[in-house]
Amino acid sequence: MNKLVEQLAPEYGFEIAPVEKADVAMEFTHPDSAPANLRRLALARIPTVCGTTGWYSELPAIAALFQENDTPLVTSPNFSVGVAVFKRLAGFAAELLKDQTEYGAWAWEIHHDAKKDSPSGTLIQLVETMRQHGYSRFIDTAASRAGKHPGTHEIGFDSAADTITLRHSARSREGFARGALKSAQWILGRQGIYTFDDVLFPPNC
């Protein structure tokens, strides 16, 4: 991700600079190091886009630190435009089927074998979205890690009569990098704590 961000940054009007001279920081590291990195960025008052997952238990405290320092933060488990749209479709499907008790549901993903968190933050967020839209029945959740796959997420509903399957497959990590750079453009001049949905979709969209 960091290499892709560096490669694509000029298309978005950015150039790579040392952190102390940066107008905006991109945090794509490791769950063990992300919280400390984010605290340093908040104290340095550098607007930040964070795509690292696996540390969200510390998000309330990190968000409070950014707010105390009047510094904006965009954090998301996934910066793909396609995944953001897919999440909304999954929520809408869950809402439509929440009272159709003959339908069971599943959520599944596959990622490359070097990915640290399993299930991913994206899959967890998809299931949470289904819950938020009223689907209260059991959702069977599974994650596979193999090869160099950039990421596929699938949501499904099954009954004796039929099956409904929604799937998003990434072809590369470029979409994630472009979404993060779009967020970096958007965050400049703002205050507050945001998600990628805030970047992509206007209020009440």
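Residues numbered from 1 in each chain as written. Predicted model: local features only at pLDDT ≥ 70, side-chain atom pairs only at ≥ 80, totals over all residues. Heavy atoms only, no water.

Engineer: Explain helix α2 (residues 34-43) to me, please; I cannot follow it from the model alone.
Structural biologist: For an α-helix, 3.6 residues make a turn, and residues three or four places apart therefore share a direction. Every buried residue of α2 is listed here: Ala34, Pro35, Asn37, Leu38, Leu41 and Ala42. What you see down the axis of α2 is that its buried residues fit within an arc of 160°, all on one side. Turned more than 90 degrees away from the buried face of α2 sit Arg40 and Leu43, all of them exposed. Lining the buried residues of α2 we find β1 (25-27), β2 (48-50), α3 (59-68) and β3 (73-75). (Buried < 20%, exposed > 50% of the residue type's maximum accessible area, 1.4 Å probe, protein only. Helix = DSSP H or I, 4+ residues; strand = E, 2+ residues; numbered from the N terminus. Arc of directions from axis to C-beta. Contact = heavy atoms within 4.5 Å.)

Engineer: Explanation requested: the pairing of strand β5 (residues 139-145) in the structure shown.
Structural biologist: Within a regular strand, side chains alternate between the sheet's two faces. Taken together, the 7 bridges between strand β4 (residues 104-111) and β5 define a ladder with parallel strand orientation. Paired with Trp108 across the strands is Ala142, a residue of β5. With helix α5 (residues 121-132) bridging β4 and the parallel β5, this β-α-β connection has right-handed handedness. (Pairing = 2+ DSSP bridges. Right-handed = clockwise from strand over helix to strand, strands pointing away.)

Engineer: Help me understand unusual backbone geometry in this model?
Structural biologist: It is generally the case that most residues other than glycine have a negative phi and that most peptide bonds are trans. Put simply, Ser118 and Pro119 share a cis peptide bond, and its omega is 0°. The residue Pro119 is located in the loop between β4 and α5 in this model. Phi is positive for Arg45, close to 60°, though the residue is something other than glycine. A relative accessible area of 49% places Arg45 in the partly exposed class. With phi around 50°, Asp70 is a residue other than glycine that occupies positive phi space. Mapping Asp70 onto the fold places it in the loop between α3 and β3.

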